[in-house]
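# Coordinates in review
Okay, here's what each chain looks like letter by letter:
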Amino acid sequence: MTTEQVRELAQLALRIREHIIRMATDGGCFIGASLSCADLLAFLYKRVLRLSSENLRDRDRDYMLLSKGHDVPALYATLAELGFIDRNRLANHLKTTDFIYWHPNRAVPGVEFHSGSLGHLLSVSIGIALDIKMRRTLNRVFVLTGDGELDEGSMWEAALVAAAKRLDNLVAIVDRNEFQANFRTEDLIPLEPIEKKFEAFGWSTRRIDGHSFEQMEQAFSGLPAAAGKPTAVIADTVRGKGLPSIERRADRWFVNFTHEEIEMLLLELRGGASSALKSDPLFVR
Amino acid sequence: MTYEERLKQLTEQNPDIVILTAENRGAMRGLAPLLGDRFVDVGIAEQTLVGAAAGLALRGRIPLVHAFSAFLTMRAFEFIRTDVGVGRLPVKLIGAASGFLSEANGPTHQALEDIALMRGIPGMQVVCPADADELVEALPSIVDSQEPCYVRYVGFGPAVRHTARFEFGTAEVIRGGEDVTILSYGFLLREAARAAELLEAERISVRVLNLRSLQPLDKAAILQSVSETRLLVTLEDHFLTGGLFSIVSELLARNRAACNVLPVALENRWFKPALLDEALQYEGFTAPQLAERIVKRYREL
């Protein structure tokens, strides 16, 4: 990967984050989790996935599923930047005239399946991966999960089955932003050591800095990591990444900012001062 | 033709059909070697079972999922509702040992709310064959339909002499009658038909309808019975809430129809675990017991 390519990825991720921030008003969005996976999505769509607006109906393309669902602003933004959907559609966020709301709907081109109820799409991905194996093609299934999502028993049920079926065309990426809703995972339901858990379930694992394109390049090259095994990439990320005023803050899970605050945050994203945010933090759970 | 033979035939005819199970192979012991990777056993993992079926359907497959009804419809309910239901995917869910058919397993295994749960999902078809013959006959239509479908599996029979081929939304008239109509589904149809014969001796003329397809429902046949007979009996091995009695009550309310209804179901309780015949006897679901209840209610009118 050249310096120029890394610079382009960073530019793409920056534009994705701008879109996410713009969706955090007039109803708001789950900004923290969307910002934590923005670099991962930029990298996967640009450098890993054999997936574009042209081959979306092709049976041999790669699949990319968002299991945690509430990080979908990052996906909408990526899809808009890469031409799957018109950028103008992002302004339809939360409007009944479109299907762009707090969780994914597959009526939006590029969204493979709906999610939002945690712990579902690893199982759905298994079905897709099984069919790819039956058809003896080389496409792969990538599924992005949350870390808090690993509390769900169905994740581990599916992890067992994926290993049993030797689905080495399946890659789970854990957006390890260390938070679940309003708590640090390690304070509520500790998850570490995550990679050891997956390994014990029969997966091969890689652990990377989820904001380092160089480390992503290494982790996602040469897949599968081991023949006959599904791969789990544990990506350490920062919830709210890019906005120091909301990074790693338990109360910035879901936010609905004023238009003024959005303007401050956009400046902050480009290196401006930390924003003086007045909107009430929202504790939903 | 057995259930297994039908599945074998359907999978030969249609390469898109994939059979999935959560280690419930009793009704299809020979299929795994024949189907190779088109037979997927996920082990005792019902959530993954249903999620994987949804994934296969997204790839254009027709997944036929065979598992214990109680665990399929309840352990994996949210996966059925959210992945199959919201996605409106053509996943075929075959629930074994529903109603009284869990026999002596006890309440953990009793699926007495499966129909209530499944019919509450938009787009879900609900099919309850009276016997193995009807199940085998219905399977091609079930597989051909583009909709998700829940089927109450029944592995024995015949329950009655069938008079009409299976069609979605069409009740089968097992026998005509002018005084009482028994509405039923599943293997209990056998008891309904026998009860009707016993009632004939009491000079009560009983119509018996096999409602095999509960969703879509043959509304016309039920409403016709409301206007033509004096007492409607809803007979089911299901909780009183959410099953056939509820279905009929909803239909009557919507059509501003009123009639005498005798519901026979499990009211607010699980049934006494026992082998089938004994359980039926204990719970009062045998033909003579049904006939007695119906006579009593009919004479009160």
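Anyway, here's the lowdown on the structure attached to this text.

Conventions used here
Residues numbered from 1 in each chain as written. Chains lettered and ligands numbered in written order. Predicted model: local features only at pLDDT ≥ 70, side-chain atom pairs only at ≥ 80, totals over all residues. Helix = DSSP H or I, 4+ residues; strand = E, 2+ residues; numbered from the N terminus. Rg over C-alpha atoms; globule rule 2.2 N^0.38 Å. Buried ≥ 20, exposed ≤ 12 C-beta atoms within 10 Å, placed from the backbone. Contact = placed C-beta atoms within 7 Å. Axes fitted to C-alpha atoms, helices over the stretch in contact; angles between N-to-C directions. Left-handed = near helix turned anticlockwise from the far one by under 90°. Nonpolar A, V, L, I, M, F, W, Y, C, P; charged D, E, K, R; others polar. Expected span 1.5 Å × (residues − 1). Pairing = 2+ DSSP bridges. Parallel < 35°, antiparallel > 145°, perpendicular 65-115°, else oblique.

### So, the overall build of chain A
Broken down by element type, chain A carries ten helices and seven strands. The C-alpha atoms of chain A give a radius of gyration of 18 Å, which matches the 19 Å a tight globule of 285 residues would have. Each principal axis of the C-alpha atoms in chain A carries an extent, and together these give about 55 × 45 × 40 Å. Taken across its 285 residues, chain A has 52% of its residues classed as buried. Relative to all contacts within chain A whose residues are 6 or more apart in sequence, the contacts with residues 24 or more apart total 74%.

### Describing the overall build of chain B
When you go through chain B residue by residue, the secondary structure sums to twelve helices and twelve strands. Relative to the compact-globule value of 19 Å for 301 residues, chain B shows a C-alpha radius of gyration of 19 Å, a close match. With the C-alpha coordinates of chain B rotated into their principal frame, the extents come out at 60 × 40 × 35 Å. Of the contacts formed within chain B by residues at least 6 apart in sequence, a portion of 75% connects residues at least 24 apart.

### Examining the packing of helix α3 (residues 38–48) of chain A against helix α4 (residues 72–81) of chain A
All names here are of chain A. Look at α3 against α4: their axes get within 10 Å of each other, and the N-to-C directions meet at 35 degrees. Classified by chirality, the crossing of α4 by α3 is right-handed. When α3 is examined against α4, the residues Ala38, Leu41, Ala42 and Tyr45 are found in contact with a partner set consisting of Ala74, Leu75 and Thr78. For the contact of α3 with α4, a count of residues per class yields six nonpolar, one polar and no charged.

### Comments concerning helix α6 (residues 153–164) of chain A
In this model, α6 of chain A (twelve residues) spans 17 Å end to end at C-alpha, consistent with the 16 Å of a helix rising 1.5 Å per residue. Along α6 of chain A, the residues that are buried comprise Ser154, Met155, Glu157, Ala158, Ala159, Val161, Ala162 and Ala163 of chain A. Buried residues in α6 of chain A make contact with α5 (121–134), β3 (170–176) and α8 (194–200) of chain A together with α3 (46–58) of chain B. Positive phi shows up at arginine 166 of chain A, right after α6 of chain A, with a value of about 55 degrees.

### A look at the interface of chain A and chain B
Facing the 19 residues of chain A at the interface are 23 residues of chain B. Listed by contribution, the elements that provide at least two residues to the side of chain A that touches chain B are α5 and α6 of chain A. Ranked by residue count, the leading element in the side of chain A that touches chain B is α5 of chain A, at ten residues. Across the side of chain A that touches chain B, the residue classes tally to nine nonpolar, seven polar and three charged.

### Structural notes on unusual backbone geometry
That bond from glycine 157 of chain B to proline 158 of chain B is cis: its omega, 5 degrees, falls within 30 degrees of zero. One can find proline 158 of chain B in the loop between β6 (149–152) and β7 (172–175). Unlike most non-glycine residues, glutamate 178 of chain A shows phi in positive territory, near 75 degrees. For glutamate 178 of chain A, the position within the fold is in the loop between β3 and β4 (179–180). Accessibility expressed as a C-beta count within 10 Å gives 20 for glutamate 178 of chain A, which makes it buried.

### Quick notes on the sheet that holds strand β7 (residues 231–236) of chain A
All names here are of chain A. Within the open sheet, the five strands sit side by side as β1-β2-β3-β7-β6. Their pairing is parallel. In this open sheet, the two edge strands, each paired with only one partner strand, are β1 (63–66) and β6 (204–209). Pairs of neighbouring strands in the sheet enclose a mean axial angle of 20 degrees, with direction left out of account. Strand direction decides the pairing type here: strand β2 (residues 141–146) and β3, joined by six bridges, are parallel. Bridge pairing in β3 places leucine 144 opposite isoleucine 173.

### Points about the pairing of β7 of chain A
Residue and element names in this part refer to chain A. Taken across its six residues, β7 has five buried, putting it largely inside the fold. One ladder, built from six bridges, connects β3 with β7; its direction is parallel. Following the sheet pairing, isoleucine 173 is matched in β7 by valine 233. Bridging between β6 and β7 involves six bridges; their strand directions are parallel. Bridging from a neighbouring strand, threonine 205 pairs with alanine 232 of β7.

### Observations regarding the sheet that holds strand β5 (residues 125–127) of chain B
The strands that make up a sheet pair up through hydrogen bonds in the backbone, lying either parallel or antiparallel. All names here are of chain B. The sheet built from seven strands is open, its strands ordered β2-β1-β3-β4-β6-β5-β10 with mixed pairing. Because the sheet does not close on itself, it has two edges, and the strands there are β2 (39–41) and β10 (213–215). Averaged over all neighbouring strand pairs, the angle between strand axes comes to 20 degrees, with direction disregarded. Note: strand β1 (residues 17–21) against strand β3 (residues 62–68), five bridges, orientation parallel. Following the sheet pairing, leucine 20 is matched in β3 by valine 65. Most of the contacts of α3 go to β3, to which it runs at about 170 degrees, and overall it touches β1, β2 and β3.

### A closer look at α3 of chain B
Residues and elements named next belong to chain B. In a regular helix each residue adds 1.5 Å, so 13 residues correspond to 18 Å; α3 covers 18 Å between its end C-alpha atoms and thus fits that length. Buried residues dominate α3, accounting for 13 of its 13 residues. Glycine 60 lies just past α3 and shows a positive phi near 95 degrees.

### So, the packing of helix α1 (residues 3–22) of chain A against α4 of chain A
Residues and elements named next belong to chain A. Two elements in contact, α1 and α4, have axes separated by 8 Å at closest approach and are oriented at 125 degrees. It follows from the interaxial angle that α1 and α4 lie oblique. Like other packed secondary-structure pairs, α1 and α4 cross with a definite hand, here right-handed. When α1 is examined against α4, the residues Leu12, Arg15, Ile16, His19 and Ile20 are found in contact with a partner set consisting of Pro73, Ala74, Ala77, Thr78, Ala80 and Glu81. Looking at the contact of α1 with α4 residue by residue, the class counts come to seven nonpolar, two polar and two charged.

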